[in-house]
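Close look at the chain arrangement
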Amino acid sequence: MRAVTRNRLMNNLYLGTFLVAFSSVALGSILPCPAHTVNSESDHKCDKIDTTEKKNIHDPTYRIE
């Protein structure tokens, strides 16, 4: 393989890798995550959080039991 062809191949490889990485990060910022759109009628335990016993760990009187 000639040096010019090898150089062009490596440049295209680096450019392609950069474009794929950049576009995957950009798409993650633009498109909403489907995991955050949970149906409100689902039976997931995370939907039934009891807010009455929520503990504030930043409270100076909070103690670990």
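Residues numbered from 1 in each chain as written. Predicted model: local features only at pLDDT ≥ 70, side-chain atom pairs only at ≥ 80, totals over all residues. Heavy atoms only, no water.

Points about the overall build of the chain
Heads up, the rule is: Numbering of helices and strands runs from the N terminus; a helix is a DSSP stretch of H or I covering at least four residues, while a strand is a stretch of E covering at least two. Using a 1.4 Å probe on the protein chains alone, a residue whose accessible area is under 20% of its type maximum counts as buried, one over 50% counts as exposed, and one in between counts as partly exposed. Reported accessibility uses the Shrake-Rupley method at a 1.4 Å probe radius. Residues are deemed covered only where the shown protein chains occlude them.
Regarding its fold elements, the chain presents 1 helix and 0 strands. Evaluated residue by residue, the chain yields a buried proportion of 2% over its 65 residues. As presented, the chain carries roughly 6,800 Å² of accessible surface, and 60% of it is formed by carbon and sulfur atoms.

Notes on the packing of aromatic side chains
The condition is simple: Here is the rule: rings of Phe, Tyr and Trp (six-membered ring for Trp) pair when centre to centre is within 6.5 Å. Planes less than 30 degrees apart are stacked, more than 60 are edge-to-face, and the remainder are tilted.
For the coordinates displayed, the defined rule picks out 1 aromatic pair. Centre to centre, the rings of F18 and F22 are 5.9 Å apart; their planes meet at 25°, and the pair counts as stacked. Placement of both F18 and F22 in helix α1 (residues 3-30) is noted, with a separation of 4 residues, approximately one turn of the helix. Side by side, F18 and F22 carry an identical accessibility label, which is exposed.

Some words on a nonpolar patch on the surface
The test is simple: Surface patches are defined over residues having more than 30% relative accessible area and no salt bridge, joining like charges when they lie within 9 Å and nonpolar side chains (Val, Leu, Ile, Met, Phe, Trp, Tyr) when within 5 Å. Salt bridges are identified by distance alone: a Lys or Arg side-chain nitrogen within 4 Å of an Asp or Glu carboxyl oxygen.
A contiguous nonpolar patch, built from L15, F18, L19 and F22 and spanning about 440 Å² of accessible area, is present on the exposed surface. Residue F22 is classed as exposed on the basis of its relative accessible area, which comes to 54%.

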